[in-house]
Amino acid sequence: MTDEAALPDTGAVESAPKQEAADTVAALADDAPVGRMLIALDIDGTVLLEDDTLSPGVVEAVTDAAEAGHEVMLATGRSWDSTHTIMDRLGIRPEYAVCSNGAVIMRRVGDETSDAYERAHVETFDPTEVLTLLGEHLAGAHFLVELPDGTRLFTDYLNDWNLVGANRVSFERLADQPVCRVVVVAPEQTDQDFLQLVERIGLSQVSYAIGWTAWLDIAPQGVDKSTALERVRAWLDIAPERVLVMGDGRNDIEMMQWSVRNGGRAIAMHQGPPEVHEAAGEVGLSVTEGGVAAALRAL
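Below is a summary of the structure that appears in this document. (Residues numbered from 1 in each chain as written. Predicted model: local features only at pLDDT ≥ 70, side-chain atom pairs only at ≥ 80, totals over all residues. Heavy atoms only, no water.)

1. Some details on the overall build of the chain
1) Next: The secondary structure content of the chain amounts to nine helices and 14 strands.
2) Next: Across the 299 residues of the chain, 55% fall into the buried class.
3) Next: Residue pairs in contact within the chain that sit at least 24 positions apart in sequence constitute 61% of those at least 6 positions apart.
4) Next: Looking at the chain as shown, the accessible area adds up to about 12,200 Å², and 46% of this sits on carbon and sulfur atoms. (Helix = DSSP H or I, 4+ residues; strand = E, 2+ residues; numbered from the N terminus. Buried < 20%, exposed > 50% of the residue type's maximum accessible area, 1.4 Å probe, protein only. Contact = heavy atoms within 4.5 Å. Areas by Shrake-Rupley, 256 points an atom, 1.4 Å probe, with all protein chains shown as cover.)

Right, dumping it as structure tokens:
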């Protein structure tokens, strides 16, 4: 999920009972990789609750994991502007951060005490076609684009969006230059409405993730959290089997499949939808129950 769309109410999903999920995490502790690990955490619904408070125990667990020598980082749909604030709250200064669903990788400048970061890798695409198609089919929707330098342009104010430093423009101006991503929020639509719309209009040359409610996040073709994390993993020279990712949303599916496919681990938050559980193969506790803390303590 992203900062531009608030975490929706959790719906009923088919998943393991809470105690069974907790037992699964504990039972897997003996199989956890030894040595330095790359631990990539989603933000909304994973380390943050719906009310923007931190998941129970997550700060202490992240601190302990980092002190044990693991690289604990964030992999999020959020822009950098609202990612580094969560890093501050967690008390971490990882070497890298994956933002904008993989379109932006930020790199720390200086040692682990530094809070300065620079753009290490940025992916862009021409949004003209996708904006034209969505504009024709989603009258009244709210649109936002992120530019390569982090600037955000939007068409209409939305209470759930973080618009600090963003600029309001006309819909036509959104496609003036290449962008890292397009965010669309249509309050009258459901996630199934968006799924059907995307299938009907045939979005091409882009990657997309659909939220639990009325939001659609569009990235350059072939770009998602997994593609960015593979770059980071290689830069850090961490073996694929020493990767652990955790998340709760559809935009986490690719990174979960990537980690598992290459011998690493993926843990889905208990409140996530069935397709996320399936992609991960492991289901932990929910965000409200301290799912990240429980998983990290089991390492």
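Having seen the structure, we can now continue with the description.
2. Overview of the side chain of D217
1) Next: The residue D217 is located in strand β11 (residues 215-220) in this model.
2) Next: Polar contacts involving the side chain of D217 include one to the side chain of N101, which spans 3.3 Å.
3) Next: Of note is the side chain of D217, whose polar atom sits 3.3 Å from the side chain of R181. (Polar contact = N/O pair within 3.5 Å; in protein donor to acceptor, adjacent residues only side chain to side chain.)

3. A few points about the packing of helix α4 (residues 128-137) against helix α5 (residues 191-201)
1) Next: Where α4 meets α5, the axes come as close as 11 Å, and the angle between the chain directions of the two elements is 120°. When the interaxial angle is binned, α4 and α5 end up oblique. Considering only the axes of α4 and α5, their crossing is right-handed. Of the residues in α5, those touching α4 at L133, L134 and H137 are L197, R200 and I201.
2) Next: Counted by class, the contact of α4 with α5 contains four nonpolar, one polar and one charged residues. (Axes fitted to C-alpha atoms, helices over the stretch in contact; angles between N-to-C directions. Parallel < 35°, antiparallel > 145°, perpendicular 65-115°, else oblique. Left-handed = near helix turned anticlockwise from the far one by under 90°. Nonpolar A, V, L, I, M, F, W, Y, C, P; charged D, E, K, R; others polar.)

4. Structural notes on the nonpolar core
1) Next: Grouped together as the largest cluster of nonpolar side chains are 35 residues, with contacts concentrated most on I39, L41, V47, L74, M246, V292 and L296.
2) Next: Excluding residues that lie within four positions of it along the chain, L296 makes contacts with I39, A61, V62, A65 and L244.
3) Next: Grouped together as the second largest cluster of nonpolar side chains are 24 residues, F125, L138, V145 and V198 included. (Core = buried A, V, L, I, M, F, W, Y, C linked by side-chain atoms within 4.5 Å.)

5. Structural notes on the sheet that holds strand β5 (residues 117-122)
Note: strands within a sheet are paired through backbone hydrogen bonds, in either parallel or antiparallel orientation.
1) Next: On the basis of which strands lie adjacent, the open sheet formed by three strands has the order β3-β4-β5 and antiparallel pairing. Each edge of the open sheet is held by one strand with a lone partner, namely β3 (96-99) and β5. For this sheet, the mean angle separating the axes of adjacent strands, direction not counted, is 25°.
2) Next: Bridge count between β3 and strand β4 (residues 104-108): four bridges; the pairing is antiparallel. Across the sheet, residue C99 finds its bridge partner in β4, namely V104.
3) Next: Seen against the sheet, helix α3 (residues 80-90) touches β3, β4 and β5 and runs at an angle of roughly 135° to β3.
4) Next: Along the sheet, helix α6 (residues 225-236) makes contact with β3, β4 and β5, crossing β3 at roughly 170°. (Pairing = 2+ DSSP bridges.)

6. Observations regarding α6
1) Next: Here α6 is 12 residues long and its end C-alpha atoms lie 16 Å apart, about the 16 Å a rise of 1.5 Å per residue gives.
2) Next: For α6, the set of buried residues is K225, S226, A228, L229, V232, R233 and L236. The buried side chains of α6 occupy one side of the element, clustering within an arc of 155° when seen end-on.
3) Next: Residues of α6 that are buried sit in contact with β1 (38-41), β2 (71-74), β3, β4, β12 (243-247) and α7 (253-261). (Expected span 1.5 Å × (residues − 1). Arc of directions from axis to C-beta.)

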